[in-house]
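Given next are the chains, with one letter for each unit.
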Amino acid sequence: MKANGPRRKIFDAVDMMTMDVPQAGIGNGFQNLPVDKIEPFHDHPFHLYEGERLNDMVESVREHGVLNPVIVRKKGKGYEMLSGHNRQNAAKIAGLTEIPAIVKEDLTDAEAYVYVIETNVIQRSFTDLVPSEKAAVLSARYEKVISQGRRNDILHEIEEIGTCGHDVHKSRSRDGIGEEYGMTGRNIARYMRVDKLIRTFKDRLDTGELTLTAAVELSYLSKDEQEAVAAQDVKVDEKTAKAVRAAVGDLTEGKLEEILHPAKTPAPAKMVSVKIPAEAEEKYLSGLKAKDRSDLVMQALEAWFAGKEAAHVQ
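Since the model is a prediction, treat every value here as computed from it, not as a measurement. (Residues numbered from 1 in each chain as written. Predicted model: local features only at pLDDT ≥ 70, side-chain atom pairs only at ≥ 80, totals over all residues. Heavy atoms only, no water.)

## So, the pairing of strand E5 (residues 98-104)
Side-chain positions along a regular strand alternate between the two faces of the sheet. Most of E5 sits out of view: six of its seven residues are buried. In terms of strand pairing, strand E1 (residues 30-34) meets E5 through five bridges, oriented antiparallel. When the sheet's bridge partners are listed, Leu33 is paired in E5 with Ile99. (Buried < 20%, exposed > 50% of the residue type's maximum accessible area, 1.4 Å probe, protein only. Helix = DSSP H or I, 4+ residues; strand = E, 2+ residues; numbered from the N terminus. Pairing = 2+ DSSP bridges.)

## A few points about the sheet that holds strand E4 (residues 78-83)
The five strands lie next to each other as E1-E5-E3-E4-E2, forming an open sheet whose pairing is mixed. Each edge of the open sheet carries a strand with a single partner, namely E1 and strand E2 (38-39). Sheet topology places strand E3 (residues 70-75) next to E5; four bridges connect them, and they run parallel. Paired with Val70 across the bridge in E5 is Ala101. Taken strand by strand, helix H3 (residues 85-94) contacts E2, E3, E4 and E5, and its axis lies near 120° from that of E4. The strands touched by helix H4 (residues 109-123) within the sheet are E3, E4 and E5, with E4 carrying the most contacts at an inclination of about 45°. (Contact = heavy atoms within 4.5 Å. Axes fitted to C-alpha atoms, helices over the stretch in contact; angles between N-to-C directions.)

## Quick word on the side chain of Arg87
Tracing the backbone shows Arg87 in helix H3. Its relative accessible area of 3% is what places Arg87 among the buried residues.

Geometric descriptors of this kind do not, in isolation, establish any biological role.
Given below as structure tokens:
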């Protein structure tokens, strides 16, 4: 990173890690932890940085170290990451063996998930998130967070820790999420359904291989049913997804094969015109439908040539 060059806008206060975090009031054990002792959050819904964004972060860590601590929770003999997956990844690549961390203890899964979601919302613009990440954020706001009072306590603590250098989060209305994200209630409902997908389908949605409407249909399948569909490794469009959903509860292996690999309808036989005398048409074909006429001609021809073969006629 050039010393006199302008800072790229892709970094916010957390990404650049250039702010010293005030130690007063942090509590819960601020300490340096071995990088390899911190596991990723067990249901982390966000993708790690790649490409230039990751390279810049690694270069910054090599030059300055990790100045903004990650947030972890105690888990057995190690720790689980709540906020700082990208900083940890950059630290590993940069060759660091320790990373500064704020250690949280006695958190429920729901409380831990608040840290995971809210710190990422602060760090990134919602519009920059891929579909599965948007789904996680919206679903968390409605389904996975704990009581509003405790959640607000956590949000206040996150702000005090200094995870973000801006006040963008304080002004957000948590009751008007539709207005906050410029989304209709119908779209919010769709994204909340998407959060119920298995990871394979979420990844396909993020890469564009699966449409949002098809993803919503698949979200009504159980985990086992979704995995059975994913194992077929076929592209599932909206029409196919609806057919699969319609079979929920009776999605046998045979039924799934029938839906995902429908038998091809044989192409109609090529027809040619044959001229016959009018008197023959009147005598043999009069009153017959077109298909019956074709069948009769075929039978006559087969009988004729079968008779010639039997008589060895050339």
